[in-house]
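Notes for the structure review
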Amino acid sequence: MEVVLERILNIAQTYPEVAKHCTTLLRWVFVVLAIYILLTSIMSLLRTRTTPVVNGYFLVEDGGNFPITHWENVIGRSKTSDITIPLKTVSKTQAILLKWKDDKWMFKDLGSHNGTTVNGVRLEPNKKYLIHFGDEIIMGGVHCTLAPASLEESANNRLMRSDDREPVAPWKILLAITLFQALTIVQLIIAMGTDVSFGALFSIALLSVTMWVYVTVFKAAGRKGFEMEMIAFFMSTINLAIAASSNPEGAFKQLVAIWIGIGLMIFMCIYMRDLDRTKKIRPILIGLSVLLLIFNLIFGTMSYGAANWVRIGGMSFQPSELVKLAFICVGAGTLEELFEKRNTYMYAIFSVFCLGCLALMGDFGTALIFFATYLVVSFLRSGDFSRLMLTGVGALVMGLLVLRFKPYIADRFATWGHAWEDPDNGGFQQTRTMSFGSGGGLLGHGAGNGSMKNLFASDTDLVFGFVMEEWGLIIALLIVICLVTLCMFAVLSIVAGRSTFYTIGACGAATMMLIQTMLNIFGSVDLFPLTGVTFPFVSTGGTSMMASWAMLAYFKAADMRKNASLAVYKED
Amino acid sequence: MKKLEKRSLICILIAAVLLAGVGLFVFRFVKHGGEWATFYGNQQIYTDGLLNRGTITDRNDELLLDCTEDGIRYSDNYNTRVATVHAVGDPKGNIATGAINVFRGQLIGYDIVNGTYDTSSEGKKIKLTIDAKANVTAYNALGSRTGTVGVMNWKTGEIVCMVSTPTFDPAGSLPSDTGSSYYFNNFLSGTMTPGSTFKLITSAAVIDTLDDRGSFEYHCDGVNKIGKDKLTDVSAHGTVDFRLALAQSCNGAFGELTRRVGPDTMKKYVDKLGLTKPVIVNGVETAEGSFDFPDDNEVKLSWAGIGQADDQVNPCAMMVYMGAIANGGKAVEPSLIKSATFLKDITGGKSKGRYLNEDTADELRSMMKNNVKKNYGAGNYPGLDLYAKSGTAEVGDRSDAWFVGFIDNEDAPYAFVVWVKDGGFGSQVAGPIARTVLNNLIEK
């Protein structure tokens, strides 16, 4: 490989005019490839209309048969119940019906007004009972029963599921990304000559190999959906190109972070297949997070206003990035848990602890991400909009107090919206982001050609400007659209969702990524005060990259397309 | 689960906020991208605050400025540098109308698709219409005096000479005070008392409005009393008619003519002849002149009619008016950037509309020729088919010398304006400067 790269370098240096024309052309090629790669993946994800798996039927006297398509179902009078019995004698949320292992079912009365009896036995409120097909369930005088899906119906359901639109095959996209990566290497040589290290270029090639291995292995294992990974591999390529351009020595470290991130994601996917064991690991995650944050508070290194770094043996990492993963897992809950106060309190206390630690570190950007995610997840759990607003207003008051006591944050608010009025002090970073970014136009200057790399934090907090300058506005926008697509996918997946645990997890992860993207972009282009957070997948920084990849597991776990996701047990 | 479907709309809401914000940014990107990209902090195009790409040459491809990543380089010739600095601009951008400032966009070559990416491999080039040699000649002719010389081709509008003094060497140490007069381009940004050159404006009003001007007569006794006040002349001109009044620049006669024309017509003519609005030179606006023709003060009105009182005129606007007289009444917009096509040479420059009807222009032309014959001496301007008017503006104790007009040589259709601060008598000081510069241009 080294020989090939040297050959390219020689040609580029012997014929600079030709090299220049190459870049002029390549800029178009990159945009076309990016559009193909990302739009194909996005379309495939958004066209998802999964036929839910039918696990059985709930028969209501004079009320019809309800197919049970989720693992967790609310029974009640309210229209938004999964099984609605519109009778006054039935409480709004009367009971929940849960799928246990091996076709066994659990039933739990949620303290309903008129109570529930099963086979004549009155159920104690808020206590789970094992029920069987055919048991007579009486709720507010209505006779109901649980019936298995007949063999014929199961076969029919399986047939319908196999008629669902299949995820797009990954091979063409893989080829396109590989071409993109190869051309990126060529472009970096043309732009930087001997300034770019062999290690940096080799890292991009290794990412390509990683990608092929990943897809081949899991395709062989019978999995079909790879769109999210394709998007992540594409963004990781941009990330490596940015690292190669701004700090070639750091590129390999970045690749290692990608590897660890992928490993973590695969582990989480496989672990989350079993809901029970995932639920059980949460106390451990809470414990680990608490330890990590306390460790950070004690040993944290101050770096540009925030002590959110920990250095161990030459390696530095950001514990809060890893806590993000636990934060989603702790926030997600099964339907049963959503009705338990203890679980809700646990989450609230954990959140307050995390926010407190982040505030002490002075990392207000990350604190804001955690807080917004907490608000959204709380709302998903309770549906209580007024409480959401109340908490929001409370936080606003707290925020104002922070402004009063932390003058440098107040300064950022003062600059907000006025970056161009003070371009060399308060608005320095924002004006540079916009200036270098707009200089990139729609197509960019080509990887390695940017000038923004000389600027502090250009590959992290201001990375949106970096992408605009070297890759152009079109690719920068496509990346944003990709992240929005992940969010849409999480929402769309609810229809066929098994447990609220997975759907809340996916929506929580989506919220976290979107808020983080928002703070990063808006902060750097003066639409919001600059807070200094990373852009998922794109900013350089090892822990951020690991967390971005691992976060994908939550989306994979919500992917109910037939045999698409490695986070779901295979169907026959 | 059904409940979650509804609640999850909040995630869509967050995505919508992100998209809306990014949408707003894209809108601003499209609208302000050019301004953002040309901001001095952008190191794609600036090195240490200095533009790092593009070249500026004169009309004959003589290099005036070369911007590179290693710094900016002016002409090697000292005289060329000082004579063209107001056209080219200084490294710090203190000369507001310098090409490096006002044509920065062309040098950078921003467009939304490519941003500041330079698709050509040799860099952007701006060719100015000025002739560096003529500028040097004008600079030498002005000597150490403060003043300005402007010459334009009245058919194409191309400004071939533009010099302003005091000047400085942009490659040397720059004057530290950014408001210094060294950074001021008198030709584009200045307004001065026009003195008797203004009689060409009053004359245009007379020709159009006084049909009995053929029988006009005025007896100038050198004092020319209006009531208690005087409208002094250098000497007693005796009895003059309209043509002779202009040739001898008789204040008494032009005071009388102004009063006959009246303040409203005078106001109309300074507007009509483009003196009260900025002239647009490739997007650069010149200073605008200002005048006051009172209808309740005959004395002040008379002084205003002979280019004194509160009259202020911009040299470039005056030059455009000269061009309009030469061009049969039609004014041509001046330009500083040489267009790539030859079309302009054939069709003429961009029209600024008709300043005068053809007959008026012809009569003025004939009177300006008469000025040269009767007063300045055609023999003093050999080889030049000259039409002109001099002026000596009284500003406090100072006399500023003016010489404006045009030549109608076949290959050299040039309109010109020369102003020398505290120069003394117009035709004696400013006239020879015009002659030297015009001859230099014709010799080519």
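Just so you know, the residues in each chain are numbered from 1, in the order the chain's sequence is written. All chains are assigned letters beginning with A, and all ligands numbers beginning with 1, in the order in which they are written. Predicted model: local features are reported for residues with pLDDT of at least 70 only, side-chain atom pairs are reported and counted for 80 or more only, and whole-chain, interface and lining totals are derived from all residues. Hydrogens and waters are ignored; side-chain quantities use all the structure's heavy atoms.

Some remarks on the overall build of chain B
In DSSP terms, a helix is any run of H or I states spanning at least four residues, a strand is any run of E spanning at least two, and both are numbered starting from the N terminus. A count of helices and strands for chain B gives 16 helices and 19 strands. Overall, the C-alpha framework of chain B stretches about 105 × 55 × 45 Å when taken along its three principal axes. Burial classes: relative accessible area under 20% of the type maximum marks a residue as buried, over 50% as exposed, and values in between as partly exposed (1.4 Å probe, protein chains only). Out of the 444 residues in chain B, the part that is buried amounts to 59%. Note on definitions: a residue-residue contact is assigned when non-hydrogen atoms from the two residues lie within 4.5 Å. Put simply, 65% of the contacts in chain B that link residues at least 6 apart link residues at least 24 apart. Where accessible areas are quoted, they stem from the Shrake-Rupley method and a 1.4 Å probe; at the residue level, only the protein chains shown are allowed to cover. Approximately 17,400 Å² of chain B is accessible, and the part contributed by carbon and sulfur atoms is 48%. The convention is simple: Lys and Arg are positive, Asp and Glu are negative, and His and the chain ends are not counted. Where a charge lies is defined by one atom per residue type, namely NZ (Lys), CZ (Arg), CG (Asp) and CD (Glu). Distance between charge centroids for chain B: 5 Å, based on 46 positive and 52 negative side chains.

Regarding the overall build of chain A
For chain A, the count of helices and strands is 19 helices and 14 strands. Over its C-alpha trace chain A gives a radius of gyration of 26 Å, about what one expects of a compact globule, namely 25 Å for 572 residues. Along the longest, intermediate and shortest principal axes, the C-alpha atoms of chain A span 90 × 55 × 40 Å. Here chain A holds 572 residues, and 58% of them are scored as buried. Atoms considered for the radius of gyration are the C-alpha atoms alone. The globule rule reads 2.2 Å times the number of residues to the power 0.38.

Concerning the domain arrangement of chain B
Residue and element names in this part refer to chain B. Per the domain assignment, the segments making up chain B are domain 1 (46-109 + 120-128) and domain 2 (189-443). An automatic or database domain assignment supplies the residue ranges for each domain. The C-alpha centroid of domain 2 is placed 34 Å from the C-alpha centroid of domain 1. Domain 1 puts eight residues into the contact, and the matching count from domain 2 is six residues. For any pair of parts, buried area is found by adding up, for both, the accessible area (1.4 Å probe) each one loses once the two are put together. When the area that domain 1 buries against domain 2 is broken down by residue, the three leading residues are Thr-97, Phe-103 and Lys-127, summing to 56%. The term salt bridge refers to a pairing of a side-chain nitrogen on Lys or Arg with a carboxyl oxygen on Asp or Glu at a separation within 4 Å. Counting the contacts that link domain 1 with domain 2 gives zero salt bridges. Only Asp, Glu, Lys and Arg are considered charged, only Ala, Val, Leu, Ile, Met, Phe, Trp, Tyr, Cys and Pro nonpolar, and every remaining residue, Gly among them, polar. Tallied by class, residues from the side of domain 1 that touches domain 2 come to four nonpolar, two polar and two charged.

Some remarks on the pairing of strand β3 (residues 72-76) of chain A
All names here are of chain A. The element β3 is extensively covered by neighbouring structure, given that five of its five residues are classed as buried. Side chains of β3 alternate between two faces, with Glu-72, Val-74 and Gly-76 and Asn-73 and Ile-75 buried alike. By the convention used here, strands pair only if DSSP detects at least 2 bridges between them. Sheet topology note: the β3/strand β5 (residues 95-99) ladder contains four bridges and is antiparallel. If you follow Val-74 over to β5, its bridge partner there is Ile-96.

So, the environment of Ile-42 of chain A
Residue and element names in this part refer to chain A. With respect to the secondary-structure elements, Ile-42 resides in helix α2 (residues 16-46). Taking C-alpha positions, Ile-42 is 40 Å from Tyr-408, a pair spaced 366 residues apart along the chain. For Ile-42, the residues in contact, after removing those within four places along its chain, are Ile-231, Ile-481, Cys-482 and Thr-485.

Here we look at the pattern of salt bridges
This model, assessed by the stated rule, comprises 29 salt bridges over all chains. The shortest N-O distance in the salt bridge between Lys-128 of chain A and Glu-336 of chain A comes to 3.1 Å. You can see Lys-128 of chain A sitting in strand β9 (residues 128-131) and its partner Glu-336 of chain A sitting in helix α10 (residues 335-338), a full 208 residues away along the chain. Residue classification places Lys-128 of chain A among the partly exposed residues on the basis of a relative accessible area of 29%. A salt bridge links Asp-169 of chain B to Arg-81 of chain B, with the shortest nitrogen-to-oxygen separation between them at 2.7 Å. Separated by 88 residues along the polypeptide, Asp-169 of chain B in the loop between β8 (159-165) and α7 (186-189) and Arg-81 of chain B in helix α3 (residues 78-88) bring together distant segments of the chain. The exposure class of Asp-169 of chain B is buried, given its relative accessible area of 15%. Overlapping salt bridges bring together Lys-108, Lys-128, Glu-336 and Glu-340 of chain A as one network.

Some remarks on the nonpolar core
Nonpolar cores are built from buried Ala, Val, Leu, Ile, Met, Phe, Trp, Tyr and Cys residues. Side-chain atoms within 4.5 Å join them into one set. Formed by 160 residues in total, the largest nonpolar core has its most connected members in Phe-234, Ile-238, Val-538 and Trp-549 of chain A together with Phe-25 of chain B. At 15 residues, the largest contribution of residues to this core is made by helix α18 (residues 500-524) of chain A. With residues up to four places along the chain from it excluded, the contact list for Phe-234 of chain A reads Ala-34, Ile-37, Leu-38, Ile-177, Phe-180, Ile-475 and Ile-479 of chain A. If you look at the next biggest cluster of nonpolar residues, it comprises 90 residues, including Phe-216, Leu-246, Leu-273 and Leu-301 of chain B.

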